[in-house]
Amino acid sequence: MTDFEIVDPRFKSFVLPNAPLEKLGEGCRWLEGPVWFADHDCLLVSDLPNDRVLRWTEQSGLSLYRHPAGFSNGHARDRQGRLISCSHVHRCITRTEWNGEVTVLADRFDGKRLNSPNDVVVKSDGSIWFTDPPYGIQTDYEGGKQRAELPARVYRLDADSGRLDVVCNTMAGPNGLCFSPDESRLYVSETGLQFAMAPEQYIGAIDLGGDGGDYSPVRFFYKVAPGNSDGFRCDQDGNIWTGAADGVHCISPAGELLGRIHVPYPVSNVEFGGRCLSRLFICASHTLYAIYTNQRGARRL
């Protein structure tokens with residue numbers, strides 16, 4: 001079976017007919033939060049229900065990076081190349097320092113505990129943006145049942161001052177997020193209330209002001225089907241590559257479906273990495289896959 005499906009002719013130039021979907025590792029429970037470390041030529045990824053972070057390299061495959069890991073979900077790198085992580089069980093955003101120590105950057109807003117930070121991205125000005133739905137404290141599977149004290153929100157953290165600002169408070173379950181290549185737009189997936197019968201699920205877009213301090217209301221951008229969008233990344237041209245129930249979907253900046261990469265299991269998150277940022281790493285349930293593309297990911301640290 002062909003690993004990709006051309007929906008729009010533009011997608012034909014994005015994929016390589018001689019580059020198949022590759023299985024890199026399995027035996028996990030549910031993979032989340034992949035982040036590429038180009039200077040170490042490795043990928044870090046969370047095996048969330050197993051409370052561990054794994055490290056993948058071409059030479060060694062999957063190995064243990066951290067356990068216990070605070071039931072970490074999403075990860076990013078800051079402008080100094082340090083690991084930024086979302087902890088479900090500790091309900092906070094952390095930074096791993098160069099000496100290995102872990103610093104808590106944010107765990108409260110207005111004196112109340114955060115819910116369970118889910119995904120995180122870092123802007124070029126050093127600010128840290130993250131989603132905070134209650135998913136990680138609603139079950140024991142991804143951290144442990146706890147009481148929510150705050151509404152689900154998207155936050156912006158000034159890493160220097162520690163100031164936390166609300167970017168969006170109108171989404172029931174803000175989940176994955178990423179910036180457009182020029183950082184003028186923040187994409188956020190709405191995965192709804194976890195136990196709702198018919199949750200509203202879509203990718204939303206928030207337009208940002210020039211200084212990052214003005215945010216438009218979130219607006220509908222795209223509805224993934226089948227399933228829903230959990231996490232995603234932009235390529236250098238602003239196309240979104242997002243997980244779905246049947247694999248990875250590629251969506252234009254105008255909200256048009258361009259094509260699909262078929263994957264055997266539902267996909268939570270993806271990450272561009274490799275030598276030219278053109279290898280797409282795919283978290284598919286309990287299995288890590290990758291496929292080489294003819295598109296490069298948007299440049300990040």
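Our subject is the structure listed above.
Residues numbered from 1 in each chain as written. Predicted model: local features only at pLDDT ≥ 70, side-chain atom pairs only at ≥ 80, totals over all residues. Heavy atoms only, no water.

(A) Representation of the nonpolar core in the model. Grouped together as the largest cluster of nonpolar side chains are 19 residues, with contacts concentrated most on F11, W241, V248, I261, V263, L280 and I282. Residue assignment for this core shows that the elements contributing at least two residues are β23 (247-251), β24 (257-262), β25 (267-273), β26 (279-284) and β27 (287-292). Not counting chain neighbours up to four residues away, the residues in contact with L280 comprise W241, V248, I261, V270, E271, F272, Y289, A290, I291 and T293. Formed by 16 residues, the second largest nonpolar core is a distinct cluster that contains I84, L114, V122 and L157. (Core = buried A, V, L, I, M, F, W, Y, C linked by side-chain atoms within 4.5 Å. Buried < 20%, exposed > 50% of the residue type's maximum accessible area, 1.4 Å probe, protein only. Helix = DSSP H or I, 4+ residues; strand = E, 2+ residues; numbered from the N terminus. Contact = heavy atoms within 4.5 Å.)

(B) Quick look at unusual backbone geometry. Residue P68 follows H67 across a cis peptide bond; omega there is -5 degrees. Counting through the fold element by element, P68 comes out in the loop between β6 (61-66) and β7 (72-77). Here the residue pair A225 and P226 is connected by a cis peptide bond, since its omega of 5 degrees sits within 30 degrees of zero. Topologically, P226 is positioned in the loop between β20 (219-222) and β21 (232-234). We note that D51 has phi near 55 degrees; this positive angle belongs to a residue other than glycine. You can see D51 is positioned in the loop between β4 (42-47) and β5 (52-57).

(C) Spotlight on the sheet that holds strand β14 (residues 128-132). Read across the open sheet, the four strands follow the order β13-β14-β15-β16; overall the sheet is antiparallel. On the outer flanks of this sheet lie β13 (120-122) and β16 (164-168), each paired with one strand and no other. With strand direction ignored, the average angle separating the axes of adjacent strands in the sheet is 25 degrees. Of the strand pairs in this sheet, β13 and β14 are connected by three bridges, and their pairing is antiparallel. Its bridge partner lying in β14, V120 is registered against F130. (Pairing = 2+ DSSP bridges. Axes fitted to C-alpha atoms, helices over the stretch in contact; angles between N-to-C directions.)

(D) Spatial organisation of the pattern of salt bridges. One pass over the full model with this rule turns up 18 salt bridges. Notably, a salt bridge pairs R279 with E22, separated by 3.1 Å at the nearest N-O pair. Of this pair, R279 sits in strand β26 while E22 is found in strand β2 (residues 22-25), placing the two residues 257 residues apart along the sequence. On the accessibility criterion, R279 (3% relative accessible area) is buried. Taking relative accessible area as the criterion, E22 reaches 30% and is therefore assigned partly exposed. A salt bridge links D165 to R163; the nearest nitrogen and oxygen atoms lie 2.8 Å apart. Take R163: its relative accessible area is 55%, and that puts it in the exposed class. Salt bridges here are not isolated pairs; linked through shared partners, they connect D78, R82, R95 and E97. (Salt bridge = Lys/Arg side-chain N within 4 Å of Asp/Glu carboxyl O.)

(E) Region of interest: the side chain of D119. Secondary-structure assignment places D119 in the loop between β12 (112-113) and β13. The side chain of D119 sits in the buried core without any salt bridge; R233 is the nearest counter-charge, 4.8 Å away. One polar contact links the side chain of D119 to the main-chain amide nitrogen of L177, over a distance of 3.3 Å. (Lys, Arg positive; Asp, Glu negative; His and termini not counted. Polar contact = N/O pair within 3.5 Å; in protein donor to acceptor, adjacent residues only side chain to side chain.)

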